[in-house]
Amino acid sequence: MIVALSDDTEAITICANGALLAEAGDTAGAIALFQRAVERAPSLLPLHIVLANAQQLHGEVLESRATLRRAIRLTDRSDSDAEFTLGKALVEAGAGADAVPCFRRVRAAHPSDPAAAAALAAALRDAQQPDDAWVEVQRALQLAPQDPVTLLTAALIRHDLGDFAVALSLCDQSLTVRPESAAARVTRGYLRHLLGDTRGGWSDFEARALPRPATEAVRWTGESLAGKSVLLIGEQGVGDQFQFLRYVQHPRVQAAQRVVIACQADAVSLLQSAGFDAVARDTIVETDLYAPLLSLPMVLGLDATWRAAIEPYISLPETVRRTPRRVRRVGVVWSGNPAHRNDAVRSIAPSVMHSLLHTHPSVQFVCLQHGVADDLLPSTTWERPAPGDWLATARVLTSLDLLITVDTGIAHLAGALGTPVWILLPHVPDWRWGTSGSSTPWYPTARLFRQADRGEWGRVLTNVSAALSSAVL
């Protein structure tokens, strides 16, 4: 007798086969099977969650968000647990705005549950609604005043509201209840940096997930490197790599017999051209010691004012820097990586950027924005270099009189190269820029333009336009 399998049963079998491929390291093959399973039984929420998680692990952040957004429309979520599960997955994927309705339904069903109120607060924060998020997190704290996760959520919301001192206090309270929390310590590290406590910031930052090589190398903690080889492992975004490369030039690092930099694959050619011994992150290099690149200021006891910050520390031998008296050639970047969780805050709509910059006819604008369609350029006269890796980008930067950019990786590369750069910052900036001022010790050629109010780019760009008018005279 032949028994026909239901779509649900067949989908679960396909998903199980995908899990076997994932365990064997074939993530792409696993994703293909997970997608088949979802197509077979689109109403089953767990299948969407498994697919989205696999896409996240494979670096397909935007695809993961799209999978979960389809789950909102297609899945059967007849109970609060399923709604909570989907909302949690959406927040973890950086789609907090989509999670807000899920958690509103959960809280409506469980008004006395502190976890429901805290989850809604976290989703509202991720959706860039910190005022509403603060209302919800206060409700959660009334129900569970000593919950460390809720206290951390409250700290993050006060951070987003620009109330750094209260945020720091809430972080401390969270750590009092749960001192082993890496997330709370890293958050406190960012806050300490913003408030000027550099050493405390570096110390707390060591609680992050630290990279280590797949070798027998020993973690370097500051001892003499004479006669030793050391691998410095780049981490986080490419901008962080460019920013922290300055510390590689410190005499205590240069005392090593060999210093290898493990960086993002598309930055290898740039670093090699600049004289660094660089390899891609997944390359196996046998060394005596290793250190995460972002741990160097902690190990060396340094901050942004170390002398390497006063001069370019990435240089290309084949380029000759222009020294114009007037600005004529200006690069522009108005958006960062859309997969970044904070991209909606730091990026600017192209129409807003262009409406001001196109009023400078004597300037040759160079579009350094990745992936922009031709119809989004304000003028056919804008120069648009051929896309390439970071070495190609660096060569373009050295030909510019100025770069105007939002806070993304290219800003750090420009600063490291010594190219004049104007960095447009949101009202609550990233930890490295401090809370006030138009200059930064990280890059002497950088000028900071800050939002006075949350989300208000118009005034920032008015100031940029006026400064550009002065620079071209």
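Residues numbered from 1 in each chain as written. Predicted model: local features only at pLDDT ≥ 70, side-chain atom pairs only at ≥ 80, totals over all residues. Heavy atoms only, no water.

Novice: Would you take a moment to explain the environment of A184 for this structure?
Specialist: Secondary-structure assignment places A184 in helix α11 (residues 182-194). By relative accessible area, A184 is classed as buried at 0%. Residues A184 and E23 lie 161 residues apart in sequence; the distance between their C-alpha atoms is 31 Å. In this structure, A184 is in contact with L152, C171, S174 and L175, ignoring residues within four places of it in sequence. (Helix = DSSP H or I, 4+ residues; strand = E, 2+ residues; numbered from the N terminus. Buried < 20%, exposed > 50% of the residue type's maximum accessible area, 1.4 Å probe, protein only. Contact = heavy atoms within 4.5 Å.)

Novice: Explain the packing of helix α18 (residues 350-357) against helix α21 (residues 457-472) to me, please; I cannot follow it from the model alone.
Specialist: It is at 9 Å that the axes of α18 and α21 come closest, and there the two elements cross at 30°. The orientation of α18 relative to α21 falls into the category roughly parallel. As for the relative orientation of α18 and α21, their crossing is right-handed in sense. Two secondary-structure elements touch here, α18 through V352, M353, L356 and L357 and α21 through G458, L461, T462, V464, S465 and L468. (Axes fitted to C-alpha atoms, helices over the stretch in contact; angles between N-to-C directions. Parallel < 35°, antiparallel > 145°, perpendicular 65-115°, else oblique. Left-handed = near helix turned anticlockwise from the far one by under 90°.)

Novice: Mind showing me how you'd approach the environment of A256 here?
Specialist: The topology assignment puts A256 in the loop between α14 (251-254) and β3 (258-263). Classification of A256 by relative accessible area gives buried; the value is 10%. Separated by 76 residues in sequence, A256 and V332 place their C-alpha atoms 39 Å apart. Once residues within four sequence positions are removed from consideration, A256 is found in contact with L225, K228 and V230.

Novice: What am I meant to see in the pairing of strand β6 (residues 329-333) here?
Specialist: Within a regular beta strand, the side chains point alternately toward one face of the sheet and then the other, so they alternate between its two faces. For β6, the tally of buried residues reaches five of five residues, placing the bulk of the element in the interior. Bridging between β6 and strand β7 (residues 364-367) involves four bridges; their strand directions are parallel. Across the sheet, the residue bridging to V330 is F365, located in β7. In the sheet, β6 pairs with strand β8 (residues 402-406) via four bridges, with the strands oriented parallel. Of the residues in β8, the one forming a bridge with V332 is I404. (Pairing = 2+ DSSP bridges.)

Novice: Would you take a moment to explain unusual backbone geometry for this structure?
Specialist: In most cases, non-glycine residues show a negative phi, while peptide bonds are predominantly trans. Here Q128, not a glycine, exhibits a phi torsion of approximately 65°, which is positive. Relative to the assigned elements, Q128 resides in the loop between α7 (114-126) and α8 (130-143). Judged by its relative accessible area of 32%, Q128 falls in the partly exposed class. The phi angle at Q236 is positive, at roughly 60°, despite the residue not being glycine. Mapped onto the secondary structure, Q236 falls in the loop between β2 (229-233) and α13 (238-244).

Novice: I keep staring at the sheet that holds strand β10 (residues 446-450) and nothing clicks. Help me out?
Specialist: Neighbouring strands of a sheet are bound in pairs by backbone hydrogen bonds; such pairs are parallel or else antiparallel. With respect to topology, five strands assemble into an open sheet ordered β7-β6-β8-β9-β10, the strand pairing being parallel. The sheet terminates laterally at β7 and β10, the two strands that pair on one side only. Averaged over all adjacent pairs, the angle separating strand axes in this sheet is 20°, with direction ignored. For strand β9 (residues 421-425) and β10, the ladder comprises five bridges, and the chain directions are parallel. Bridge pairing links V421 to A446 in β10. Relative to β9, α21 is tilted by about 165°, and along the sheet it contacts β6, β7, β8, β9 and β10.

Novice: Please clarify how the packing of aromatic side chains should be interpreted in this entry.
Specialist: Centre-to-centre distance and the angle between the planes together describe a pair of aromatic rings. Summed over all chains, the structure comprises 14 aromatic pairs. With 6.1 Å between their ring centres and 45° between their planes, F244 and W442 make a pair best called tilted. Of this pair, F244 sits in helix α13 while W442 sits in the loop between β9 and β10, and the two are 198 residues apart along the sequence. Look at F244 and you get buried, because its relative accessible area is 0%. Since its relative accessible area comes to 5%, W442 is described here as buried. (Phe/Tyr/Trp six-rings, centres within 6.5 Å; stacked < 30°, edge-to-face > 60°.)

Novice: In this structure, what is going on with the side chain of D126? I would like to understand it.
Specialist: Relative to the elements of secondary structure, D126 occurs in helix α7. In this structure D126 comes out as buried when scored by relative accessible area, which is 14%. In contact with D126, not counting residues within four places along its chain, are V91, G94, A95, G96 and R341.

Novice: So what exactly am I meant to see when it comes to the pattern of salt bridges here?
Specialist: For side chains of opposite charge, pairing can occur when their charged atoms come near one another. Inspection of every chain in the model, using the stated rule, returns 23 salt bridges. Residue D197 pairs with R192 through a salt bridge whose shortest N-O separation is 3.7 Å. A salt bridge links R192 to D204, with the shortest nitrogen-to-oxygen separation between them at 2.9 Å. Highlighted residues: R192 in helix α11 and D204 in helix α12 (residues 198-205), separated in sequence by 12 residues. Connected through shared salt-bridge partners, D172, R185, R188, R192, D197 and D204 make up one network. (Salt bridge = Lys/Arg side-chain N within 4 Å of Asp/Glu carboxyl O.)

Novice: What exactly am I supposed to notice about the nonpolar core here?
Specialist: Nonpolar side chains in soluble globular proteins tend to be buried together. Among the nonpolar cores identified, the biggest contains 66 residues, and L232, F242, V248, I261, L270, L271 and I314 are the most heavily contacted of them. Sequence-distant contacts of I261, defined by excluding residues within four places in its chain, comprise L232, L245, V248, L271, F276, D277, A278 and V279. Formed by 41 residues, the second largest nonpolar core is a distinct cluster that contains A52, V91, L120 and L191. (Core = buried A, V, L, I, M, F, W, Y, C linked by side-chain atoms within 4.5 Å.)

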